[in-house]
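The residues making up each chain are set out below.
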Amino acid sequence: MFSDNKKPRPMNEFGGQPNRIEKNTKIKGDITSEADFRIDGKLEGNVTTSGKVVIGKDGYINGKVECVNADIEGRFNGELLVKDLLSLKSSATIEGTVSVAKLAVEPGATFNAACTMGKGAVSAPKMQSTKKDEPAKAS
């Protein structure tokens, strides 16, 4: 028998019911959760979760997202840190910086981002940005 604190949990249950921001809903602020998140509305802020983030076809996030997995059908602008798999559907539009272990992109997706991939990509230190008017320097 398992004791109460050692009961196995289903793989998609990270600490509660999935959270949802519905279409025609706008939120400004930061969200922290252990559960999965689905955004069909608009979020101006940051999302941190030990679960999965789904941006629906009408969804939009402008900010920083840190998660284990992500499926994007809508729009994202900002910094995206995905510890495992980022899946971009054909309707997705991504702008900003992306750090991911694995990337799947359907034909038709728009991916205008600086991307770092690999097992250690998400825990890698952040790159220092150059000043706006200075050209980038190669090392």
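Residues numbered from 1 in each chain as written. Predicted model: local features only at pLDDT ≥ 70, side-chain atom pairs only at ≥ 80, totals over all residues. Heavy atoms only, no water.

Caption draft 1: Examining the overall build of the protein chain more closely. Tallying secondary structure elements over the protein chain gives zero helices and 12 strands in all. Counting from the amino terminus, the protein chain carries its helices and strands in the arrangement β-β-β-β-β-β-β-β-β-β-β-β. Per-residue burial for the protein chain yields a buried fraction of 31% across its 139 residues. For the protein chain, the share of sequence-separated contacts (at least 6 apart) that also reach a separation of at least 24 residues comes to 5%. Here the protein chain has roughly 9200 Å² of accessible surface; of this, 50% comes from carbon and sulfur atoms. (Helix = DSSP H or I, 4+ residues; strand = E, 2+ residues; numbered from the N terminus. Buried < 20%, exposed > 50% of the residue type's maximum accessible area, 1.4 Å probe, protein only. Contact = heavy atoms within 4.5 Å. Areas by Shrake-Rupley, 256 points an atom, 1.4 Å probe, with all protein chains shown as cover.)

Caption draft 2: Representation of the nonpolar core within the structure. With 22 residues, the main nonpolar core has Val53, Val65, Ile72, Phe76, Leu80 and Leu86 as its most contacted residues. At the level of secondary structure, the elements contributing two or more residues to this core comprise strand S4 (37–39), strand S7 (52–55), strand S8 (60–67), strand S9 (69–72), strand S10 (75–88) and strand S11 (93–105). Ranked by the residues each element gives to this core, the list is headed by S10, at five residues. Setting aside anything within four residues of it in sequence, one finds Val65 in contact with Val47, Val53, Phe76, Glu79, Leu80 and Leu81. (Core = buried A, V, L, I, M, F, W, Y, C linked by side-chain atoms within 4.5 Å.)

Caption draft 3: Structural view of the pattern of salt bridges. The final tally for this structure, using the stated rule, is seven salt bridges. Two residues, Asp40 and Arg38, come together in a salt bridge whose shortest N-O distance is 2.9 Å. Each of the salt bridges in this network shares a partner with another, and the network as a whole consists of Arg20, Glu22, Arg38 and Asp40. (Salt bridge = Lys/Arg side-chain N within 4 Å of Asp/Glu carboxyl O.)

Caption draft 4: Spatial organisation of the pairing of S7. With three bridges connecting them, S4 and S7 associate as parallel partners. Directly across from Arg38, in S7, lies its bridge partner Val54. With four bridges connecting them, S7 and S9 associate as parallel partners. Looking at S9, one finds that Val54 is bridged to Asp71. (Pairing = 2+ DSSP bridges.)

Caption draft 5: Seen up close, the environment of Val68. Within the secondary structure, Val68 sits in the loop between S8 and S9. The class for Val68 is partly exposed, based on a relative accessible area of 23%. In the structure, Val68 is positioned 20 residues away from Thr48 in sequence and 9.5 Å away in space, judged by C-alpha atoms. Beyond its immediate sequence surroundings of up to four residues, Val68 is in contact with Thr49, Ser50, Gly51, Val82, Lys83, Asp84 and Leu85.

Caption draft 6: Region of interest: the side chain of Thr49. Summarising the element assignment, Thr49 is placed in strand S6 (residues 47–49). A distance of 3.0 Å separates a polar side-chain atom of Thr49 from the backbone oxygen of Ser33. Of the polar contacts made by the side chain of Thr49, one reaches the backbone nitrogen of Gly51; its length is 3.0 Å. With sequence-adjacent residues up to four places away left out, Thr49 is seen in contact with Ser33, Glu34, Ala35, Glu66, Cys67 and Val68. (Polar contact = N/O pair within 3.5 Å; in protein donor to acceptor, adjacent residues only side chain to side chain.)

Caption draft 7: Geometry of the environment of Ser50. Structurally, Ser50 can be placed in the loop between S6 and S7. On a C-alpha basis, the gap between Ser50 and Cys67 in space is 5.6 Å, while along the polypeptide they are 17 residues apart. In terms of polar contacts, Ser50 uses its side chain to reach the backbone carbonyl oxygen of Glu34, at 3.3 Å.

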